[in-house]
Amino acid sequence: MLLLPLALMGWASVQGWRADEVLREAQVIDPVWIRVRQALAALAYWLALAALVAGPATWLKLRLDAWRARQSRDFLYDRLLLCWRALGHWLVAYTALLVGALALSLAYELSWGWSHFKAGGWFMLLVAVPVLGVLWAGCLLIKRLRQQWHVLERPSSAFLGQPLGRDKAPALWAWIAQLAHAAGAPVPDHIVVGIDQSFFVTSVDVALQPAGERLTGRTLYLPLTYLSTLSQAETASIIGHELGHFSSRDTERGSAIGAQFSLMCRHFSSLSAEAADPAWIERPALWMTQRFLHHWHLAVHHWGRAQELVADRVGGNIAGERLFCQALLRVIALDTEINRLLAEHHPNLIQALADHLRHTPLRLNDAVLDHAIAHPFDTHPPTVLRLQQLGMVLDDALLAQATRVPTEHDRHWFSELTRITNPQGE
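Here the structure is a predicted model, which means the values were calculated and not measured.

### Section: empty space enclosed by the protein
Here is step 1: On inspection of all chains with the given rule, the structure shows two cavities of 30 Å³ or more.
Here is step 2: Here the second largest cavity defines a volume of roughly 30 Å³.

### Quick look at the packing of helix 7 (residues 232–243) against helix 10 (residues 321–343)
Here is step 1: Contact geometry for helix 7 and helix 10: axes closest at 8 Å, N-to-C directions at 90°. As far as their axial angle goes, helix 10 and helix 7 are roughly perpendicular. Every residue of helix 10 that contacts helix 7 at A233, E234, S237, I238 and H241 is listed here: L323, F324, Q326, A327, L328, R330 and V331.
Here is step 2: The class makeup of the residues in the contact of helix 7 with helix 10 is seven nonpolar, three polar and two charged.

### Here's the deal with the pairing of strand 3 (residues 190–194)
Here is step 1: Counting buried positions over the five residues of strand 3 gives four, a clear majority of the element.
Here is step 2: With two bridges joining them, strand 2 (residues 162–163) and strand 3 adopt antiparallel strand pairing. In the strand pairing of strand 3, P163 is matched with V192.
Here is step 3: Pairing of strand 3 with strand 7 (residues 219–223) involves five bridges; the strand directions are parallel. Each bridged residue has a counterpart across the sheet, and for H190 the counterpart in strand 7 is T219.

### Here we look at the packing of helix 10 against helix 11 (residues 349–359)
Each packed pair of helices is defined by two parameters, the angle between the axes and the distance between the axes.
Here is step 1: Relative orientation of the contacting elements helix 10 and helix 11 amounts to 125°, with a least axis distance of 10 Å. When the interaxial angle is binned, helix 10 and helix 11 end up oblique. Helix-helix and strand crossings are classified by hand; for helix 10 and helix 11 the assignment is right-handed. Together, L334, E337, I338, R340, L341 and L342 of helix 10 and L349, A352, L353, H356 and L357 of helix 11 make up the contact between the two elements.
Here is step 2: Among the residues making up the contact of helix 10 with helix 11, the classes are represented as eight nonpolar, one polar and two charged.

### Observations regarding the sheet that holds strand 4 (residues 200–202)
Here is step 1: The mixed open sheet is built from four strands, whose spatial order is 2-3-7-4. Only two strands of the sheet have a single neighbouring strand rather than two, namely strand 2 and strand 4.

### Looking at the UniProt feature "transmembrane region" (unreviewed entry) in the protein chain
Here is step 1: Using the residue numbers shown here, the UniProt feature "transmembrane region" (unreviewed entry) corresponds to residues 40–60, 81–108 and 120–142.
Here is step 2: With 100% helix and 0% strand, the stretch residues 40–60 has end C-alpha atoms that lie 31 Å from each other.
Here is step 3: The span residues 81–108 carries 100% helix and 0% strand; its end-to-end C-alpha distance comes to 41 Å.

### Here we look at helix 9 (residues 283–319)
Here is step 1: With 37 residues, helix 9 extends 52 Å from end C-alpha to end C-alpha; this agrees with the ideal 54 Å at 1.5 Å per step.
Here is step 2: A maximum bend of about 25° is found in helix 9 at W296.
Here is step 3: Remark: G320 follows helix 9 within two positions and exhibits a positive phi of approximately 105°.

### Let's talk about the pattern of salt bridges
Here is step 1: Taken as a whole, this structure holds eleven salt bridges when the rule is applied.
Here is step 2: Among the charged side chains, a salt-bridge network with shared partners connects E234, R404 and D410.

### A closer look at the packing of aromatic side chains
Here is step 1: Under the definition given, this model contains twelve aromatic pairs.
Here is step 2: Measuring from ring centre to ring centre gives 5.7 Å for Y45 and W46, while their planes differ by 90°; the resulting arrangement is edge-to-face.
Here is step 3: The partly exposed category is assigned to Y45, whose relative accessible area is 27%.
Here is step 4: Overall, the relative accessible area of 56% leaves W46 in the exposed class.
Here is step 5: Across from the ring centre of F246, 5.7 Å away, lies the NZ or CZ of R218, which sits over that ring.

Cut-offs and rules
Residues numbered from 1 in each chain as written. Predicted model: local features only at pLDDT ≥ 70, side-chain atom pairs only at ≥ 80, totals over all residues. Heavy atoms only, no water. 1 Å grid on protein atoms, 1.4 Å probe; cavity = no way out; pocket = protein on both sides within 12 Å on 5 of 7 lines; lining within 4 Å. Points joined across faces, edges and corners; volume = space filled by probe spheres on them. Axes fitted to C-alpha atoms, helices over the stretch in contact; angles between N-to-C directions. Helix = DSSP H or I, 4+ residues; strand = E, 2+ residues; numbered from the N terminus. Parallel < 35°, antiparallel > 145°, perpendicular 65-115°, else oblique. Contact = heavy atoms within 4.5 Å. Nonpolar A, V, L, I, M, F, W, Y, C, P; charged D, E, K, R; others polar. Buried < 20%, exposed > 50% of the residue type's maximum accessible area, 1.4 Å probe, protein only. Pairing = 2+ DSSP bridges. Left-handed = near helix turned anticlockwise from the far one by under 90°. UniProt positions renumbered as here; feature names shortened; annotations may be inferred. Expected span 1.5 Å × (residues − 1). Bend = angle between axes of the 7 residues up to and from the residue. Salt bridge = Lys/Arg side-chain N within 4 Å of Asp/Glu carboxyl O. Phe/Tyr/Trp six-rings, centres within 6.5 Å; stacked < 30°, edge-to-face > 60°. Lys NZ or Arg CZ within 6 Å of the ring centre and 35° of its normal.

Listed below in structure tokens is the structure:
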């Protein structure tokens, strides 16, 4: 961010000195081209200087805004997207300044090389070839930033899943409505079942795969894998926690911010993948984006943790804090086993999970308690902290219930509630 503008300023200064020396010696027949080169060198210098000033100024503004976001939840909610957009504009402007300075300096050298072709100027023309490649990389980066950066203005996500309408599962909808009332939250607009995620809610637009159906509003995602291994009371506690994210304007805005920030991270991963071996002119933009996400993540994580603990209390109010903790521990213990089976691509994951749990007992240890539930949007606090906030102490009875072998009731209550004969919806 600093070295590149300084290097370009140094190069332009040397070019200006070279032109001045030629004019002093008055050894040229046509001084017009020397004047043009002087102008090219001067303009390249000022563009590089502008980049040198803009870089640290934007960096300081980024750090200040991220610090303010950690101090104020409202600042985070109101300014995250605005600051992300501003960063995108800065990256385009900063990269354009570097590209402009480099292009002007290169034009100077090409002009000199052409006019001194027979005196060795051809070598400068040869050296210009790799510089042209760097210029091309910078122009492509500007194009990508202009085309892709503002995709997040309407955040959306895609999941494998099948929607369950009110007409298809009226008993399920009635049950969810009761849980929403107990949680003091609105009833979700959509209920989706799938097998490749854990429980979650989101307010962002969702594109369901493979059908491509688009859902807007509040969506509750129910994983059939976990539903086949949890009791109905345990599931009610977990759903109560998820609906707790909709229980107030602040918690719902926090959920939306978590989703938005996750999409920003994905956007950066995509941008980095397109520049797997970035040219030096691309590196400041990639570095600044990575720094932005790092410092704002501290704020998102700070307030996200507070939001999750509030939702935990809502989940504890559904059927008691002990049952919620039991359900939480069970979900954590199941997470590793389900992810392992997902990676093995079983044709019938629900049956494969049931067979696996009959022969492989679930385990809970200190490493598991430090684990945070996988979630497509939010960052959950470590499990041990969540238990402490609810005032729960692990005992043998709680661990035994959380790691029990699924009962017949655990396996079939959801399919009976929804009248689905094939739990995978195939």
